[in-house]
Amino acid sequence: METIKHFFKTHPHAWWGAFLPVYLIMFFTIEHFITENYWSTQMAIDNYIPFCEYFAVFYVTWSPILAAVGVYLIIKDGEGFRRYMWMLMVTFTLSTIICILVPNGQDLRPAVLAHDNIFTKAVLYTYSIDTNTNVLPSVHVLGVMAAVFAIWKTPGLKKWGWRVGSILWGLLVTASTLLIKQHAFIDIVAALLVGLLGYVVVYILIGRRRDQKITTS
């Protein structure tokens, strides 16, 4: 217990991580209530996007990578962690509000999977824990954007290997949301717009003021 108290005393920015359980409560609450009578987000373009269970490999990396980025920032870059969490707070909260105001879902999941392998099992497990509702904007893509922005803004990760790697990872995870039929194309577009709004708010409007304050202090 004393070790935990000491950690938060020396890393007070870590308290911003308390947003995550709050968000999970919000998310699973709307998942419970919004199950039908929703706006279906699929469009004609989604008919041309094939199903590919192999991309489940990239889809499941989302939570571990977001957690790894968070842990690194808590330890190495307190200000970076604050902005990382603020980005998640702005975009995830806005996503929840959109889903409440405009209940949405997609009906793209295949009724039967052609293969029986570890990848299809991963897809079915994903389907079992995450419904096909509350999909616009894609929280998966919003999380990817938050992680990529954080990596690009963190001095300790300024090597191009980290930066280029984060972009490639982000593109693969984004593609996976479409290829395992967790999201429709418009869900991704909406997430990109919300993510860019979050970037403007956190890294430009708030960030520049904080940078000036840190420089002059």
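Anything mentioned here points back to the structure above.
Since the model is a prediction, treat every value here as computed from it, not as a measurement.

Engineer: Honestly, the pattern of salt bridges in this entry has me stumped. Any pointers?
Structural biologist: Opposite charge on two side chains permits them to pair, given that their charged atoms come into close proximity. Tallied over the full model, the rule gives 5 salt bridges. Note that Arg-82 and Glu-79 form a salt bridge whose closest N and O atoms lie 3.5 Å from each other. Within this pair, Arg-82 and its partner Glu-79 are both found in helix α5 (residues 78-101), separated by 3 residues, close to a single helical turn. By relative accessible area, Glu-79 is classed as buried at 15%. Notably, a salt bridge pairs Asp-211 with Arg-83, separated by 2.8 Å at the nearest N-O pair. Here Asp-211, found in helix α9 (residues 185-216), pairs with Arg-83, found in helix α5; they are 128 residues apart in sequence, far enough to count as distant.

Engineer: I keep staring at empty space enclosed by the protein and nothing clicks. Help me out?
Structural biologist: One way to see where empty space is left: roll a probe the size of a water molecule over the atoms. Per the counting criterion, the structure on display carries 1 cavity of 30 Å³ or more. Reported here for the largest cavity is a volume of approximately 30 Å³. Around the largest cavity, the lining residues are Tyr-23, Phe-27, Ile-30, Ser-95, Thr-96, Cys-99, Asn-134 and Val-139. Residue composition of the lining of the largest cavity, grouped by class: 5 nonpolar, 3 polar and no charged.

Engineer: Help me out: how do you make sense of the environment of Gly-198 in this one?
Structural biologist: Position of Gly-198 among the secondary structure elements: in helix α9. Separated by 109 residues in sequence, Gly-198 and Met-89 have C-alpha atoms that sit 9.0 Å apart. Gly-198 has contacts with Met-87, Val-90, Thr-91 and Tyr-203, leaving out every residue within four places of it along the chain.

Engineer: Could you clarify how one ought to interpret the packing of helix α2 (residues 19-33) against α5 in this entry?
Structural biologist: Packed helix pairs are specified by the crossing angle of their axes together with the interaxial distance, meaning the distance between the axes. Two numbers describe how α2 lies on α5: the axes approach to 11 Å, and their chain directions differ by 15°. When the axis of α2 is compared with that of α5, the two are roughly parallel. As α2 packs across α5, the resulting crossing turns out to be left-handed. Taken together, the residues of α5 that come into contact with α2 (itself represented by Phe-19, Leu-20, Tyr-23, Met-26 and Ile-30) are Met-85, Leu-88, Met-89, Phe-92, Thr-93, Thr-96, Cys-99 and Ile-100. Here the residues of the contact of α2 with α5 sort into 11 nonpolar, 2 polar and no charged.

Engineer: Honestly, the nonpolar core in this entry has me stumped. Any pointers?
Structural biologist: Looking at soluble globular proteins, one finds that nonpolar side chains tend to be buried together. Counting residues in each nonpolar core, the largest one holds 39 residues, and the members touching the most others are Trp-62, Val-69, Tyr-84, Leu-88 and Phe-92. Where this core is concerned, the elements lending two or more residues are α2, α4 (62-76), α5, α7 (139-153), α8 (160-179) and α9. A total of 11 residues in this core trace back to one element, the largest contributor, which is α7.

Engineer: Mind showing me how you'd approach α2 here?
Structural biologist: The end-to-end C-alpha distance of α2, which contains 15 residues, comes to 22 Å, matching closely the 21 Å that a straight helix rising 1.5 Å per residue would cover. Buried residues of α2: Phe-19, Tyr-23, Phe-27, Ile-30 and Glu-31, and no others. Down the axis of α2, the smallest arc covering the buried residues is 105°, so these residues share one side. In α2, the exposed positions that point more than 90 degrees away from the buried face belong to Ile-25, His-32 and Phe-33. Residues of α2 that are buried in the fold lie against α5 and α7.

The rules behind the values
- Residues numbered from 1 in each chain as written.
- Predicted model: local features only at pLDDT ≥ 70, side-chain atom pairs only at ≥ 80, totals over all residues.
- Heavy atoms only, no water.
- Salt bridge = Lys/Arg side-chain N within 4 Å of Asp/Glu carboxyl O.
- Helix = DSSP H or I, 4+ residues; strand = E, 2+ residues; numbered from the N terminus.
- Buried < 20%, exposed > 50% of the residue type's maximum accessible area, 1.4 Å probe, protein only.
- 1 Å grid on protein atoms, 1.4 Å probe; cavity = no way out; pocket = protein on both sides within 12 Å on 5 of 7 lines; lining within 4 Å.
- Points joined across faces, edges and corners; volume = space filled by probe spheres on them.
- Nonpolar A, V, L, I, M, F, W, Y, C, P; charged D, E, K, R; others polar.
- Contact = heavy atoms within 4.5 Å.
- Axes fitted to C-alpha atoms, helices over the stretch in contact; angles between N-to-C directions.
- Parallel < 35°, antiparallel > 145°, perpendicular 65-115°, else oblique.
- Left-handed = near helix turned anticlockwise from the far one by under 90°.
- Core = buried A, V, L, I, M, F, W, Y, C linked by side-chain atoms within 4.5 Å.
- Expected span 1.5 Å × (residues − 1).
- Arc of directions from axis to C-beta.

Nothing here speaks to function; it is geometry throughout.
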